[in-house]
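# A look at the structure
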Number of protein chains: 2
Amino acid sequence: MEQTLKRLATMQRLQVAGLELFYQNGYHNTSVDDILKKLDLSKGAFYYHFKSKEEFFISIIQNLIVQKVYSALVQPIEGKEDPFSIIENSLDASLETAEHNFFDNGFVLSNFIAETQGKDPEVNTYLNDILKIWEVALITSLQKGKSDGYVARHVDSDGVAAYVISAYIGIRLQMASGNAKNLRYKFVQQLRAYFRSLVPQAIH
Amino acid sequence: MEQTLKRLATMQRLQVAGLELFYQNGYHNTSVDDILKKLDLSKGAFYYHFKSKEEFFISIIQNLIVQKVYSALVQPIEGKEDPFSIIENSLDASLETAEHNFFDNGFVLSNFIAETQGKDPEVNTYLNDILKIWEVALITSLQKGKSDGYVARHVDSDGVAAYVISAYIGIRLQMASGNAKNLRYKFVQQLRAYFRSLVPQAIH
DNA sequence: TCTTAATTAGACCACTTAGTCGGTCTTATT
DNA sequence: AATAAGACCGACTAAGTGGTCTAATTAAGA
């Protein structure tokens with residue numbers, strides 16, 4: 001019992017430090033030794049808990065990254081109100097934390113997807129699965145919004161979801177290169193203009 | 001004279017092969033030897049023409065990538081017609097070539113920007129400069145569109161440009177993970193809806 | 001043809017990488 | 001206290017890594 005706790009604690013420490021370094025320097029550009037040095041641990045410890053660097057990365061994806069994305073982008077839009085406003089709010093909130101994070105390096109998910117494209121197909125799959133979760137949540141929210149009269153009937157929910165995801169990925173990449181505050185403001189403005197075109201028109 | 005030609009030819013061969021491999025496997029995940037092996041050249045040849053791997057990469061960026069982006073995304077929107085339709089056309093055309101490229105790994109520029117974020121600040125700067133060129137072209141086009149009556153006066157050209165770039169970056173990343181054709185169609189649909197909200201309203 | 005310079009070959013160096021393995025310490029069980 | 005299992009250490013290996021250097025080859029000009 002105490003044992004398992006210690007085991008999990010060490011694994012968690014490794015994963016947290018690993019994610020931080022992978023996110024900062026990229027997966028291929030971060031060595032296992034880098035992570036170990038940061039925690040004053042040894043090779044033995046690492047390979048006792050994980051059987052390879054890749055498996056380690058996958059465990060990070062499935063434990064930490066899923067969580068991050070879910071709590072920041074999926075859960076907030078599971079309400080019953082106007083999809084457009086709750087989506088806008090969740091994106092804006094997420095951009096705000098990015099803006100105030102001095103070491104922001106872009107959207108974790110899209111960075112890793114870009115890096116593992118072609119190479120590392122297995123890892124890439126796990127990452128895309130997370131994107132898919134977000135996509136489904138968006139689509140669900142939009143569909144419900146139709147029944148509730150918030151979203152125009154003719155709207156293609158799939159298309160809107162893909163477009164929203166695209167825009168978010170792109171703006172995060174640009175924000176990481178400076179001028180985050182300004183970009184965030186512009187983004188929300190345009191997102192709003194876009195959403196306005198998808199609202200049911202008042203009869204006149 | 002013959003010399004210079006040969007020199008340039010070899011450099012070009014190295015750059016083309018380098019870009020291909022960097023694009024496929026990432027910059028950090030491609031060794032100089034990989035490139036050399038592909039061309040049956042030796043270390044000596046490489047370091048005779050380029051003084052380091054990084055300088056080599058920068059030369060690729062400034063020769064090949066600039067060209068690619070310019071001819072695909074900047075030049076096509078330098079017309080005098082409706083900005084929205086020429087922008088839409090240039091993006092669609094660019095997505096079409098991506099769709100039909102079986103080895104599409106996403107948008108070259110954004111992939112490299114993501115990879116060199118934090119690490120490799122110099123390289124990152126050169127890449128962002130190219131994005132900037134595109135941004136300026138978009139803004140110019142939109143501004144001209146206002147005088148010509150294609151774009152509503154109240155529109156924030158900077159914001160629209162940033163938003164268009166974002167969306168394009170994001171959709172390219174998603175397209176690389178399969179289902180390209182469908183995504184392209186959805187993207188253009190939504191882009192059109194968005195643009196409609198930025199057109200001057202007919203007086204009624 | 002002889003000389004000189006441009007270009008390429010490839011052995012070599014110092015260093016880093018992911019992963020292994022025999023051993024050690026620590027904790028739980030009897 | 002004795003035993004066993006869990007957790008960790010750190011030297012080591014084999015395969016790369018970017019980059020250097022000398023020698024060989026090729027082409028140009030006299």
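To start, this report covers the structure provided alongside it. Values in this document were obtained by computation on a predicted structure and should not be read as measured data.

Before going further, it helps to examine the protein's contact with DNA strand C. Close to DNA strand C lie 20 residues, the nearest being K43(A), K53(A), S42(B), Y48(B) and H49(B). Of what DNA strand C places within 4 Å of the protein, 63% of the atoms are sugar or phosphate. Between DNA strand C and Y47(A), the relevant distance is 3.0 Å, taken from a phosphate oxygen to a side-chain nitrogen or oxygen of the residue. Of all the secondary structure elements, the ones that give two or more residues to the surface near DNA strand C are α1 (2–25) and α3 (43–49) of chain A together with α1 (2–25) and α3 (43–49) of chain B. The class makeup of the residues in the surface near DNA strand C is 4 nonpolar, 9 polar and 7 charged.

Summary: where empty space remains is shown by rolling a probe the size of a single water molecule over the atoms. All chains considered together, the criterion is met by 2 cavities of 30 Å³ or more. There is about 250 Å³ of room inside the largest cavity. Counting only elements with at least two residues in the lining of the largest cavity, the list comes to α1 and α6 (108–116) of chain A together with α1 and α6 (108–116) of chain B. Within the lining of the largest cavity, the residues separate by chemical class into 8 nonpolar, 15 polar and 2 charged. For the second largest cavity, the calculated volume is near 60 Å³. As for the second largest cavity, its lining consists of S110(A), N111(A), A114(A), I169(A), L173(A), S110(B), N111(B), A114(B), I169(B) and L173(B). Taken together, the elements giving at least two residues each to the lining of the second largest cavity come down to α6 and α8 (157–175) of chain A together with α6 and α8 (157–175) of chain B. Looking at the lining of the second largest cavity residue by residue, the class counts come to 6 nonpolar, 4 polar and no charged.

This brings us to the nonpolar core. I65(A), W134(A), Y194(A), I65(B), W134(B) and Y194(B) are the most contacted members of the largest nonpolar core, which totals 140 residues. What I65(B) contacts, discounting residues up to four positions off in sequence, is L19(B), I60(B), V108(B), L109(B), F112(B) and I130(B).

Bringing the relation of the copies chain A and chain B into the picture now. If you rotate chain A by 180 degrees and push it 0.0 Å along the axis, it lands on chain B with an RMSD of 0.1 Å. What the superposition gives is, in effect, a two-fold axis relating one chain to the other. Every residue of chain A has its C-alpha some distance from the rotation axis, and the shortest such distance is that of A167(A), at 2.0 Å. Here 100% of the interface residues in chain A have copies in chain B that are interface residues too; the copies meet face to matching face.

Turning our eyes to something else, we now look at the protein's contact with DNA strand D. Surrounding DNA strand D, one finds 21 residues, the nearest of these being S42(A), H49(A), K43(B), Y47(B) and K53(B). A share of 66% of the atoms of DNA strand D within 4 Å of the protein falls on sugar and phosphate groups. Within the side chain of T10(A), one N or O atom sits 3.0 Å away from a phosphate oxygen of DNA strand D. In the environment of DNA strand D, a phosphate oxygen lies 3.0 Å from a nitrogen or oxygen atom belonging to the backbone of V32(B). Elements with a minimum of two residues in the surface near DNA strand D: α1 and α3 of chain A together with α1 and α3 of chain B. The biggest single contributor to the surface near DNA strand D is α3(A), with 5 residues.

Moving on, we get to helix α7 (residues 121–147) of chain A. Taking 1.5 Å as the rise per residue, α7(A) with 27 residues should run 39 Å; its terminal C-alpha atoms sit 39 Å apart, in good agreement. Taken from the residues just after α7(A), G149(A) is the one with a positive phi, measuring 80 degrees.

Two descriptors summarise a pair of aromatic rings, namely the distance from one centre to the other and the angle between the planes of the rings. Residue and element names in this part refer to chain A. Considering all chains together, one arrives at 36 aromatic pairs over all chains under this definition. Aromatic side chains Y163 and Y194 sit 4.9 Å apart centroid to centroid with 55 degrees between the ring planes, which places their arrangement in the tilted category. Taken together, the positions of Y163 in helix α8 and Y194 in helix α9 (residues 180–196) put the pair 31 residues apart, joining distant regions of the chain. With respect to class, Y163 is no different from Y194; both count as buried. The ring of Y27 has K53 sitting right over it, with the charged end atom 4.4 Å from the ring centre.

Contact with chain A, which involves 39 residues of that partner, is made by 39 residues of chain B. Summing both sides of the interface, chain A and chain B together bury roughly 3,300 Å²; the carbon and sulfur share of this comes to 60%. Seen at the junction of chain A and chain B, the total is 2 salt bridges. Notably, a salt bridge pairs K186(B) with D158(A), separated by 3.9 Å at the nearest N-O pair. Counting across the interface, chain A meets chain B through 12 residue pairs in polar contact (both at pLDDT 80 or more).

How each quantity is defined
Residues numbered from 1 in each chain as written. Chains lettered and ligands numbered in written order. Predicted model: local features only at pLDDT ≥ 70, side-chain atom pairs only at ≥ 80, totals over all residues. Heavy atoms only, no water. Near = heavy atom within 4 Å. Polar contact = N/O pair within 3.5 Å; in protein donor to acceptor, adjacent residues only side chain to side chain. Helix = DSSP H or I, 4+ residues; strand = E, 2+ residues; numbered from the N terminus. Nonpolar A, V, L, I, M, F, W, Y, C, P; charged D, E, K, R; others polar. 1 Å grid on protein atoms, 1.4 Å probe; cavity = no way out; pocket = protein on both sides within 12 Å on 5 of 7 lines; lining within 4 Å. Points joined across faces, edges and corners; volume = space filled by probe spheres on them. Core = buried A, V, L, I, M, F, W, Y, C linked by side-chain atoms within 4.5 Å. Buried < 20%, exposed > 50% of the residue type's maximum accessible area, 1.4 Å probe, protein only. Contact = heavy atoms within 4.5 Å. Least-squares fit on C-alpha atoms with pLDDT ≥ 70 in both. Expected span 1.5 Å × (residues − 1). Phe/Tyr/Trp six-rings, centres within 6.5 Å; stacked < 30°, edge-to-face > 60°. Lys NZ or Arg CZ within 6 Å of the ring centre and 35° of its normal. Buried area = accessible area lost by both parts, 1.4 Å probe. Salt bridge = Lys/Arg side-chain N within 4 Å of Asp/Glu carboxyl O.

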